[in-house]
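# Report on the structure
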Protein chains: 2
Amino acid sequence: MERTLIDQLKNHINEEVLIKGRVMNVRGLSNVKFVLVQDYKGLVQTVWETEIFARIGDAVEVIGEVREDKRAKGGVEIFGKELKITAPSIEDLPFDLSKPDLNLQLATLLDYRPLSLRHPKVQQIFRLYDLLLESYDKAMREECFIEIKTPKILEAASEGGANFFKLEYFDKNAYLAQSPQFFKQIMVGVFERVFEIGPAFRAEPHFTTRHVNEYISLDAEMGFIDDFGDVMAMLNKILAGMFGHMREKSQNCLEAYGAEIPKVPEKIPQIKLAQIKKIIKEKYNYEIPETTDIDPEGERLAGRWAKEEFNSDFLFITHYPWSDRPFYTMPDKDNPAETCGFDLIYKGLEIATGSQRINDYKMLMENMAKKNISPDGMEYYLDIFKYAMPPHGGWGMGSERIIQQMLGLKSIKEAILFPRDMKRLSP
Amino acid sequence: MERTLIDQLKNHINEEVLIKGRVMNVRGLSNVKFVLVQDYKGLVQTVWETEIFARIGDAVEVIGEVREDKRAKGGVEIFGKELKITAPSIEDLPFDLSKPDLNLQLATLLDYRPLSLRHPKVQQIFRLYDLLLESYDKAMREECFIEIKTPKILEAASEGGANFFKLEYFDKNAYLAQSPQFFKQIMVGVFERVFEIGPAFRAEPHFTTRHVNEYISLDAEMGFIDDFGDVMAMLNKILAGMFGHMREKSQNCLEAYGAEIPKVPEKIPQIKLAQIKKIIKEKYNYEIPETTDIDPEGERLAGRWAKEEFNSDFLFITHYPWSDRPFYTMPDKDNPAETCGFDLIYKGLEIATGSQRINDYKMLMENMAKKNISPDGMEYYLDIFKYAMPPHGGWGMGSERIIQQMLGLKSIKEAILFPRDMKRLSP
C-alpha cells in the first residue's frame, strides 16, 4: 500500500489509506483512543475503538479510513484499523511533547536539543528559518546577484582584532573566517554583484542573548554604486522582497508565536549616529557615552524612536566613527572622522552592518597605515585595487537575529538549531 | 543619466544610454577603436571615432548611442560619445583577459585567483556553479526537504578517523565538522526530510585532482524509507530535477567548454561493488585488489562500463563492505559483511556517497562496539535512537566535483573559487 501524506488526506475521504509519522499525543476516553500523528506535511488525529498500544514519540504506520470532520484542522480524521510501530520509544521522553509549550529553561532546552526540537512550537522556528533562507536566496537572485561560496579556513587573521579561532592546518596555523569580506570584494571585481550564505566564526567571549560564536551570515556586495545610499536602498529592497515572500508562506509559524511579518517601509528611515544619540538622551533620558558605539539599550531606544516617529520597525543608523569601523570602510568625504557605514536596526536590535568600501589602492594603503594594520599576508586582497575596482559596498546580515526579532525570542540561541557559545560545544 | 544594463540595450536602439562595466578588450584600426565592455548582464562592443584612452581591465562608464548590428552577439553595438574611467588599472594585468583561453599552469591560475577569475571563460565556471546551487535548492524544496544549517565547530572528532582539523575554542579543543552527518540524522527525527548546503572540512593529506581540504557538500537525509533503494531513487529524482533546471539556463557556460548537461536516466543503473570489480577485471583487464575500495582508475572504468552498457553517464555502485563504511551504516540483512550503502559515479568519478543508516539503538551500539568506537561524547546523537528514529538514509554530494565533471576540468581546484589544499591557504 502506498503512503499517503497527511496534507493529501482530504482527497481520500472514505478511502482506506496508509500514513506514516510520529505520535505527538495520545488521549483516551472509556472506549475510544485518539492518537495524533505528524508527518512532514501535516498533523492528523486517528481514532481507535480497538485496543492499541502507542505512546508519544513513537514512529508509526497507520492504516485507516479517512473521514470528514469539519471540527478538525485539516477537515479530516482517520478511523484507525491497524497501527504498526515502525520504531518505538524505548525510554520516556524527558518532557511532554503534547503540551502547547515546553516551558524549559534555555539551558535545558539546549541540553536536550535533539529532542526539544521535536516539539511542534519549536519546530515552527526552524520552518520559518528555512523560509528565511529560501527568501533571501530568491530576493538576491531577482536582483541578479550571483551566489558564491568562499573558504572558511584562512591563512591570516587578516581583518584585525583578536576575535579569530585558530586551528592547526597540517604543519601550519590557520584561522576561521570571521566574514567573507575580502572574498566578496574580490568577487565584485569579477561579477559585480555577489551574495553568500555561510557560517561566520567569532571568538568573542560574550554571554549575551544576542551573540553566539558561530552564526549564518547573509552577505552581499555590489559594484558601481554612487554612494552608500545605493547599498542601503538595495538592502531595503531585498528585505521587502524577503519579508513579502515570507509573509505568503509563514502563517503557521507566526500563529504559534502570535507574531507578524513586519511591513518594510518603501524607504527605511535613516539617521546619523551622532544625532540618534542626542535624541535618545533628550527624549528618553538615556545617555550613551560619547566614546562608545551605541549599546543594546541605545539600540532598543533607537528602534522605539523609529516606531514612534515613522511607524517603522526598521532604522538605518549611519556615519559611524572612522575609529570604530574596519580599515576598508570608506570615510565620509565631508567629515573623514565619520564613515559611509551603516547599521540596520530591526525592532531595536542591530541585524545588519554595511558600508561603502574604499576602492582606491592608495587611499586604502593610507587608511591601513593610519590604523596601524600591516599589509603582510593580505597582498592577494590589496592587489585587486591596482586593477580597477569600481566603487562598491555591501552588507553582512545575521540570519538568526532576524528570526529572533520576528518571533520575539528571548535569546538568539533559540533561533539556532545547535548554538555555539563559550561553554556550549555540544550537541 | 540612469544606467542601462547591457542586456537591455536592444530596447534602446538609436537612443543615447549610459553603461557601466569593465573593459575586456581594446582593439584599434587606423581611425576607429573598439572597446569591449562587460557588466553583470552582458558584453557589448563600443565603437570610437574620437581619441580615447582606456585599457583592458579598467572600470568605465560609457555614454553613447545604441546601434543595431546584426553581426554582434547581442544584436547591438554602442557608438561611443564619452568615456569616463571610474577606476583605472594602475598596473598591467599579469595576463591577457582578451585571449579566448588563459592557458596558465594550475598553480599560476590559483596564485593569481582574484584576477584570473575575471577571465570570461573562468567566470563561466562560477556562473554554472551559481546555477548548481540554485538548482539543488530548488529540487530539494520541490520534494519538501527543509533546509537546515548545522554547526561546523564540534566538541569531538566523533565520526572516527584522523581526518579532522583541530582548533582552539576558548579554553578547550574543538574540531571542524567533516560532515553534518549526526545533525542531519537528528533532524530527520524532527522534520523527516532535511537538506543542507555547507562547508565540509577534511584534513586529508592528499595531492590529487579530485580532493581538496574544504568543499561544499550537498547533504540530504530522509525518513520512513523502505530500504536504501528509496534513497537512491530520491537522489536520482533530485539529479534529474537539478540537471533539467541547469540545462535551461546554462547555455553560455556550456558553450565556452564545449560541454553538455547530461541526461539523467529515469533509473540510474545499479551494480554491486563486488560485481563491478569482476567486470572491470574481465572486460578491461584492470585488477582492483580485493581488500581495497574501488580506486580512481576503477571508478573511471566503471563509468566507461555504464556508458557502454546502458548509455548512462551515471552509475550507482552498491553494497560496499561493512569494514570500509562508517559505524552508522546499515549492514545488509542477508550478508552483514556488506552494507546498504552506495556511491554515485558520474562520468567515472564518485560524486556522492550515501546509505541507509542504522536506526535501532541496540544494533547501533553493537555495531560501534564491533568497530571499537567509544560512545563517549556522542551521547547527544546516540540518545535520539532511544526515542523512535524511523528507518532513514541520505547522501552527501560534492558540489564541485559535479562542475568538474560537467565541464571536463582537469582538477577540482578549477571548480572552486579559492581552493584549499595542504599547501594552499591563500588567497
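Keep in mind it's a predicted model, so treat the numbers as computed, not measured. (Residues numbered from 1 in each chain as written. Chains lettered and ligands numbered in written order. Predicted model: local features only at pLDDT ≥ 70, side-chain atom pairs only at ≥ 80, totals over all residues. Heavy atoms only, no water.)

Okay, the state of the cysteines next. Counting across every chain of the model gives zero disulfides over all chains. Free cysteine B:C253: the closest other cysteine sulfur is in A:C144, separated by 14 Å. (Disulfide = S-S within 2.5 Å.)

A few words on the packing of helix α3 (residues 120-142) of chain A against helix α3 (residues 120-142) of chain B. Interaxial distance between α3(A) and α3(B) falls to 12 Å at its minimum, and their mutual angle equals 140°. In terms of orientation, α3(A) lies oblique with respect to α3(B). Between α3(A) and α3(B) the crossing geometry is left-handed. Where α3(A) abuts α3(B), its residues A:D130, A:L133, A:E134 and A:R141 lie against B:D130, B:L133, B:E134 and B:R141. (Axes fitted to C-alpha atoms, helices over the stretch in contact; angles between N-to-C directions. Helix = DSSP H or I, 4+ residues; strand = E, 2+ residues; numbered from the N terminus. Parallel < 35°, antiparallel > 145°, perpendicular 65-115°, else oblique. Left-handed = near helix turned anticlockwise from the far one by under 90°. Contact = heavy atoms within 4.5 Å.)

So, about the domain arrangement of chain A. All names here are of chain A. Structurally, chain A comprises domain 1 (6-87) and domain 2 (120-415). Inter-centroid distance (C-alpha atoms) of domain 1 to domain 2 is 46 Å. Contacts between domain 1 and domain 2 engage four residues on the former and five residues on the latter. Contact between domain 1 and domain 2 buries roughly 270 Å² in total, counting both sides, with carbon and sulfur atoms accounting for 32%. Broken down residue by residue, the surface that domain 1 buries against domain 2 is led by M24, Q38 and K73, which jointly contribute 78%. Our count for the contact surface shared by domain 1 and domain 2 stands at zero salt bridges. At the junction of domain 1 with domain 2, the criterion picks out one residue pair in polar contact (both at pLDDT 80 or more). (Domains from an automatic or database assignment. Buried area = accessible area lost by both parts, 1.4 Å probe. Salt bridge = Lys/Arg side-chain N within 4 Å of Asp/Glu carboxyl O. Polar contact = N/O pair within 3.5 Å; in protein donor to acceptor, adjacent residues only side chain to side chain.)

Now for the environment of B:M232. Residue and element names in this part refer to chain B. Examined against the element boundaries, M232 turns out to sit in helix α5 (residues 228-249). Judged by its relative accessible area of 2%, M232 falls in the buried class. In this structure the C-alpha to C-alpha distance between M232 and N367, which are 135 residues apart in sequence, comes to 23 Å. Discounting residues that sit within four places of it in the chain, M232 has contacts with Q270, F316, T318 and F342. (Buried < 20%, exposed > 50% of the residue type's maximum accessible area, 1.4 Å probe, protein only.)

With that out of the way, let us pick up the side chain of B:E299. All names here are of chain B. With respect to the secondary-structure elements, E299 resides in helix α8 (residues 296-310). Here E299 falls in the buried class, since its relative accessible area comes to 3%. At 3.1 Å, the side chain of E299 forms a polar contact with the side chain of R210. Once you skip the residues sitting within four places of it in the chain, E299 turns out to touch R210, I294, I345, G348, L349 and E350.

Turning to the pairing of strand β4 (residues 59-68) of chain A, a few remarks are in order. Residues and elements named next belong to chain A. Counting buried positions along β4 yields seven of ten residues, so the element is predominantly enclosed. The sheet contact formed by strand β1 (residues 16-28) and β4 spans seven bridges and is antiparallel. The residue of β4 that forms the bridge with V17 is G64. (Pairing = 2+ DSSP bridges.)

Here the focus is the relation of the copies chain A and chain B. Mapping chain A onto chain B is achieved by rotating through 180° and translating by 0.0 Å along the same axis, at an RMSD of 0.0 Å. Look at the turn and shift together and you get a two-fold axis relating the two. For chain A, the smallest separation between a C-alpha atom and the rotation axis is recorded for A:L167, amounting to 2.0 Å. Most of the interface of chain A is mirrored in chain B, where 100% of its interface residues are also at the interface. (Least-squares fit on C-alpha atoms with pLDDT ≥ 70 in both.)

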